[in-house]
Amino acid sequence: MSSIPKMDNLEDAKKELKELKIKVEKADDVKARMILEKLDEDELKENAKQEMMAKAEKQESCQKEFNQDLEKVKDEIQKLSKHRQDILDKLRRCKAQLEAKRTEASKLKHKFKIYAQIPETEVQFLSLIREENGEGEDISHSVRGVFTISQRAAVLLLGGQALITFEEEKVAQKILKLPGCRVSCEDTTLNVKPKGLTLGTSVKFEVHVDVSRKELKLYNIPPAMPEDRMEDRLEISFSRPTRGGGEVESVDYDGKTGTGSITFLKPGVAWRLARKGVYKVNLESEVNVKVGPAYEYKLEKFQTSCGSSRRTVLLEGIDDVEDEEDLQDHLEIHFQKPNNSGGEIENIKYISKGKSLQAFFSEDKIDITN
Amino acid sequence: MYQKVTDVAVSPQKRYSVILEEQKDLQLFIKERQEMTQKFKQRTEKVTEGLRKDQIAFEEQITVFSKMPEKNFVFTGKTGKAEDVEEFEMKPHIRYPMEEGTALITFEEEDVATNILEKKRHKVDLGGECRIIVEAQPVHLLMPSLVEIDTDICPHRILVSNLPNMDTEMLLSKLEIHFSKSKHGGGEVESCDFLPDSGTVVIAFVMENIAEHLAVQEHHKIDFNKNKHTVRVTPFVNGKITNLKTRTSMCPRTVLLTGIPDVMDWETMQDMLEIHFQKNGNDGGEIEAFLYNPLGQQTLALFGSATPEPEEE
């Protein structure tokens, strides 16, 4: 049994050996493959590592770039906000400029709008008007005022200055050509400078105002009833002599504006009532109605001119070496003499230092024929 | 080691997106600013343009105002306080239709007028048994207190000043002939009028813009009967009242007498009344002007400045 098993064993062993050999071979193969694989892996690992390093580097540079970009952008923001500030500043400057120009413009506009504040002027009855060249119109129906309004030509005379009006224009013109004049006084001589005068622009116009003697204007009439009934009530109220009224010729009433007018038969009533300003009217109840004169106006003979002063000369730089009166006399004596280039004097005014005066000019009526 | 790698990997990504976001915003900003700048520029241009136009217009008007007919003024010795800045003065000339059966008296003294008004009713002896009672009343008149006028330059008319001394009729013809010729820059003349007030002539043209050109040239040499004379042409300025305010003033020295009956002839009544109010015993005083208008009559009275200028006719 033993040999057979031995045989068997051998056989088996052989077989086994063979198998083992194969196994070994296989294992070797595997081992070799694995070694290769390992090498491969090593390489891959190395590659990966390098790749990673490169990436990290790149990352870093990117970071740098970003930082740079960020700086740049920040810079740009700063620049932009500065630019914006500049623009805002410019806008502000422009606005200020605009404002200045606007005030200048309105000032200039003012020059072309005449705003004549008229001083209280005393009037009185002067005379009878004999002939009113038959215009055919009823001249008794209104008080017609013609008001000639003119801008006063005036120069503010300052201390140490004098104004001289010569009788002849050519004398004044000759004096104006002198650079200076030496005027002798009691015990000294004065140096005075002659100067020409400009008076600027002036306007002159007439305002014609026609005040009706029969018509009275009514204002602020409360709308108490229909228009026709209202007219009746107004007529009744204004016909009462005890209230200063009189016989009414016609009534006009506008319910929308609350205004109206009464025309009286006789002249004079309307003006007397207008002076009072209010009138009691019986509507549903007694109310005060505002009354006023009825008048029309128009502008006539509107003239503008620029003033010159060919016979009047301004003297400057006069030292007050003596009192006002004496000095004025000395000036007058000096400028009267033909050998001082002077001539007959029509008017002279001198004021000493520290004082000032308005000197009024009037239109020169003397016709200067060339 | 692993943490660091992810850090490096994640945070840049975040930052990147943040930066991208910022860049987007910035781009918007930039665009906005550019638009704003553009707008500012446009507005500035517009405003400057407007200002320039205004300036030109005003300069034109200024030159126009300096180109006005000259008026010669003289100092007449009249002076006032330095604070006296009243710019305008007024000369009133009022045509006053008298009521029937009334008289007007102007006293030399204001006090006399005041006393007469205070007493109101006055008995006037007409001689014999006859006496009448008249009532004294103040006279109030409406006068302008403020006048606002807008001015503008007439496109049709010119004002000609610095004229030679000659017959007005002849002067007007010569001017019209000269200014109707195109070689003198003129055109068809619509009207040619002499203003005696200022000694100037107004010429109106049919066409517009002739006036303007003539005024720009200002000085024109014109043939007047073989004598050459240089006249001055200036723009004609129109005025229009835009506002008028009035005040009612009482005449301080004038008294109105009412209720005078028609009992004797005009002359006698006028004398009787004047004599009565002249007498100191009747509270009267020196009379400067007196006028009686009887019943049934129409009389016009003239009211004017208390101090009439000597040169006034």
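Residues numbered from 1 in each chain as written. Chains lettered and ligands numbered in written order. Predicted model: local features only at pLDDT ≥ 70, side-chain atom pairs only at ≥ 80, totals over all residues. Heavy atoms only, no water.

For chain B, an unreviewed UniProt entry supplies the name Interferon-induced protein 35 and the organism Xiphophorus maculatus.

Naming follows an unreviewed UniProt entry, where chain A appears as N-myc-interactor-like of Xiphophorus maculatus.

Asker: Describe in detail the overall build of chain B, supporting the description with residues and values.
Answerer: Helices and strands together make up the secondary structure of chain B, namely five helices and 11 strands. Across the 313 residues that make up chain B, the buried fraction comes to 41%. Restricting the contact set of chain B to residue pairs at least 6 apart, pairs at least 24 apart contribute 72%. Within the structure as shown, chain B displays about 18,000 Å² of accessible surface, and the carbon and sulfur contribution to it stands at 49%. (Helix = DSSP H or I, 4+ residues; strand = E, 2+ residues; numbered from the N terminus. Buried < 20%, exposed > 50% of the residue type's maximum accessible area, 1.4 Å probe, protein only. Contact = heavy atoms within 4.5 Å. Areas by Shrake-Rupley, 256 points an atom, 1.4 Å probe, with all protein chains shown as cover.)

Asker: Report on unusual backbone geometry, specifying residues and quantitative values.
Answerer: All names here are of chain B. Positive phi, normally seen in glycine, also occurs at Asn162, with a value near 60 degrees. Secondary-structure assignment places Asn162 in the loop between strand S5 (131-161) and helix H3 (168-179). Unlike most non-glycine residues, Asn209 shows phi in positive territory, near 65 degrees. When its relative accessible area of 45% is taken as the criterion, Asn209 is described as partly exposed.

Asker: So what's going on with the interface of chain A and chain B? Residues and values would help.
Answerer: Each partner contributes residues to the interface: chain A has 106 residues there, and chain B has 102 residues. Across the chain A/chain B interface, buried area totals approximately 10,700 Å², and carbon plus sulfur atoms make up 62% of it. The largest per-residue losses of area from chain A upon contact with chain B belong to Phe112, Gln124 and Phe125 of chain A, which jointly make up 8% of the total buried on that side. One can count five salt bridges joining chain A with chain B. (Buried area = accessible area lost by both parts, 1.4 Å probe. Salt bridge = Lys/Arg side-chain N within 4 Å of Asp/Glu carboxyl O.)

Asker: Kindly report on the nonpolar core, identifying the contributing residues and their values.
Answerer: Of all hydrophobic cores here, the largest spans 59 residues; its most connected members are Phe205 and Phe238 of chain A together with Val147 and Phe303 of chain B. At seven residues, the largest contribution of residues to this core is made by strand S8 (residues 198-219) of chain A. Aside from chain neighbours lying at most four places away, what touches Val147 of chain B is Ile114, Tyr115, Ala116, Ile118, Ile149, Phe205 and Val207 of chain A together with Ile241, Asn243 and Leu244 of chain B. Counting 21 residues, the second-largest nonpolar core is a separate cluster that includes Phe107, Leu126, Met269 and Leu273 of chain B. (Core = buried A, V, L, I, M, F, W, Y, C linked by side-chain atoms within 4.5 Å.)

Asker: For the pairing of strand S7 (residues 200-205) of chain B, give the residues involved together with the corresponding values.
Answerer: All names here are of chain B. In terms of residue burial, S7 counts as a mostly covered element, since six of its six residues are buried. Residues Thr200, Val202 and Ala204 line one face of S7 and the alternating positions Val201, Ile203 and Phe205 line the opposite face, and both faces are buried. Alignment of S5 against S7, held across four bridges, turns out to be antiparallel. Directly across from Arg157, in S7, lies its bridge partner Ala204. (Pairing = 2+ DSSP bridges.)

Asker: Outline a negative patch on the surface, listing residues and values.
Answerer: Residue and element names in this part refer to chain A. A cluster of acidic side chains, namely Glu186, Asp187, Asp323, Glu325, Asp326 and Asp329, defines a negative patch on the protein surface. Within the secondary structure, Asp323 sits in the loop between strand S13 (312-316) and helix H5 (324-336). Accessibility expressed as a relative area gives 46% for Asp323, which makes it partly exposed. (Patch = residues over 30% accessible without salt bridge, like charges linked within 9 Å, V, L, I, M, F, W, Y side chains within 5 Å. Lys, Arg positive; Asp, Glu negative; His and termini not counted. Charge placed at Lys NZ, Arg CZ, Asp CG, Glu CD.)

Asker: If you had to explain the sheet that holds strand S7 (residues 189-195) of chain A to someone new, which residues and values would you point to?
Answerer: Note: strands within a sheet are paired through backbone hydrogen bonds, in either parallel or antiparallel orientation. All names here are of chain A. One open sheet holds the five strands; their spatial order is S6-S7-S13-S5-S14, and the pairing between them is antiparallel. Single-partner strands in this sheet number two, and they are strand S6 (181-184) and strand S14 (345-351). Recorded for the sheet is a direction-independent mean angle of 30 degrees between the axes of neighbouring strands. Judged from the six bridges that link them, strand S5 (residues 161-166) and S14 form a sheet pairing that is antiparallel. (Axes fitted to C-alpha atoms, helices over the stretch in contact; angles between N-to-C directions.)

Asker: Pulling in residues and values, what's your account of the side chain of Ser142 of chain A?
Answerer: You can see Ser142 of chain A is positioned in strand S3 (residues 142-151). What Ser142 of chain A contacts, discounting residues up to four positions off in sequence, is Asp210, Val211, Ser212 and Arg213 of chain A together with Arg95 and Pro97 of chain B.

Asker: With reference to specific residues and values, describe the packing of aromatic side chains.
Answerer: Taken as a whole, this structure holds six aromatic pairs over all chains when the rule is applied. An angle of 35 degrees between the planes, with centres 6.3 Å apart, marks the rings of Phe205 of chain A and Phe302 of chain A as tilted. Linking Phe205 of chain A in strand S8 with Phe302 of chain A in strand S12 (residues 286-308), this pair joins segments that are 97 residues apart in sequence. Among the residues examined, Phe302 of chain A registers a relative accessible area of 12% and is labelled buried. Their ring planes at 15 degrees and their centres at 4.2 Å tell us that Phe238 of chain A and Tyr279 of chain A sit as a pair that is stacked. Taken as a pair, Phe238 of chain A in helix H3 (residues 227-238) and Tyr279 of chain A in strand S11 (residues 278-282) lie far apart in primary sequence, 41 residues in all. Here the two residues Phe238 of chain A and Tyr279 of chain A agree in accessibility, since each one is buried. Members of the aromatic cluster, connected to one another through ring pairs, are Phe125 of chain A together with Tyr96 and Phe303 of chain B. (Phe/Tyr/Trp six-rings, centres within 6.5 Å; stacked < 30°, edge-to-face > 60°.)

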